[in-house]
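Now for the letters of each chain:
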Amino acid sequence: AKSKGKSAYAHFTPEMTEVSQDRLQMESRLRRALELKELELNFQPIVHTDSGNLCAVEALLRWRNPAMGLVMPDRFIPLAEDTGLIIPIGEWVLEQACQAAVRWKAVTGRDIGISVNVSPRQFRDPGFPDAVMRTLADCGLAPALLELEVTERLILDNSIETAEILRRLDRAGVRLSVDDFGTGYSALSYLKSYPFDTLKIDKSFVQDVMKEPEDASLVKAIINMAHSLGLRVIAEGVEEEAQTHFLKQEGCDFSQGYFYSRPLPHQKFEEWLESNER
Ligand code: C2E
Ligand code: CA
Ligand code: CA
Ligand code: CA
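Okay, so let's go over this structure. Just so we're clear, the structure is a prediction, and the values are computed from it rather than from any experiment.

Some remarks on the nonpolar core
It is characteristic of soluble globular proteins that their nonpolar side chains tend to be buried jointly.
Consideration 1: Ranked by internal contacts, the top residues of the largest apolar core, which has 78 residues, are W104, I114, L146, L148 and F196.
Consideration 2: Per-element accounting of this core gives the leading share, 11 residues, to helix α4 (residues 86–108).
Consideration 3: Listed in part, the 5 residues of the second largest apolar core include I46, A56, I234 and F254.

Okay, here's the thing in structure tokens:
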């Protein structure tokens, strides 16, 4: 589909023109986003479900463009993947995220993990594992404090390379998690052969846990399955107190969502951190 993409521009129909031009314009803007310092990370706490205490932080990318305003990742990550721009952008994210974790350690004296989203294209880039190791070494961050989040889409390709890279990162002590767990239409067998540490239950299941008995059953089943495989579980999209009681009762290790905090710009996050430390 990618090689077709290019030639498609050569014979677009009038209806396509507008869409393609929007896309081309966005692409040329995204190309310059890094050098113009238009990208920034927001940080969202991941807490221990039992205590509500901070455990780790997920880095979430934002793009602030003068012409387009604040652009959310769902609008530009796919484009970044298609164009390969995700490689330099992803390296920047990793670097910023690791530096932030080192700063929080200096401020709080505590080990606070940092979770970084990695898209399939980025993960399959031959330079990826080395870039991760180099970044950790340059920042002086312990590998166990970095968690890389990948989706089941990545595992679906079932390639030897993917398995190899996962094992390499695992051996280096980096943590690995399955993001959006339950949405990938994937067989579960990969969980026993790949070195994952954590499952993140997709927010679509967590959101209706108090309203839909089926969702409650699914969440319980995922927690039990994960624990019996030696994996930890994070519930995503926790917005209400009632959900926290349910998750506590079911033994969900960690929680993340607006109930605890929205993703915050670094300054705001550090304020949150200070008030959380008291
Ligand atoms: P994700 O990794 O599943 O991230 C969680 C998304 O849920 C975030 O959306 C977050 O803001 C949102 N969220 C957190 N708590 C709640 C809640 O309580 N309720 C609801 N309704 N939503 C909540 P965001 O920041 O728009 O990111 C969207 C997706 O973009 C992410 O989904 C991730 O797949 C991707 N993404 C974000 N940053 C990066 C990045 O640096 N690299 C790559 N490759 N992908 C990224
Ligand atoms: Ca994620
Ligand atoms: Ca591991
Ligand atoms: Ca997710």
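There's more to say after this.
Things to note about the coordination of the calcium ion (ligand 3)
Consideration 1: Those protein atoms acting as donors to the calcium ion (ligand 3) are D170 (OD), D197 (OD) and D197 (OD), and they sit at 2.1 to 2.9 Å. Of this pair, D170 sits in helix α8 (residues 160–171) while D197 sits in the loop between α9 (190–193) and β7 (198–201), and the two are 27 residues apart along the sequence.
Consideration 2: The exposure class of D170 is partly exposed, given its relative accessible area of 31%.
Consideration 3: For D197, a relative accessible area of 18% gives the class buried.

A few points about empty space enclosed by the protein
Consideration 1: Scanning the entire structure with this criterion turns up 1 cavity of 30 Å³ or more.
Consideration 2: The space that makes up the largest cavity amounts to roughly 70 Å³.
Consideration 3: Forming the walls of the largest cavity are I87, G90, E91, L94, Q122, D125, G127, F128 and A131.
Consideration 4: Where the lining of the largest cavity is concerned, the elements lending two or more residues are α4 and α6 (128–139).
Consideration 5: The greatest single-element share of the lining of the largest cavity, amounting to 4 residues, is contributed by α4.

Calculation notes
- Residues numbered from 1 in each chain as written.
- Chains lettered and ligands numbered in written order.
- Predicted model: local features only at pLDDT ≥ 70, side-chain atom pairs only at ≥ 80, totals over all residues.
- Heavy atoms only, no water.
- Core = buried A, V, L, I, M, F, W, Y, C linked by side-chain atoms within 4.5 Å.
- Buried < 20%, exposed > 50% of the residue type's maximum accessible area, 1.4 Å probe, protein only.
- Helix = DSSP H or I, 4+ residues; strand = E, 2+ residues; numbered from the N terminus.
- Donors = N, O, S within 2.8 Å, 3.2 Å for Na, K, Ca; no water.
- 1 Å grid on protein atoms, 1.4 Å probe; cavity = no way out; pocket = protein on both sides within 12 Å on 5 of 7 lines; lining within 4 Å.
- Points joined across faces, edges and corners; volume = space filled by probe spheres on them.

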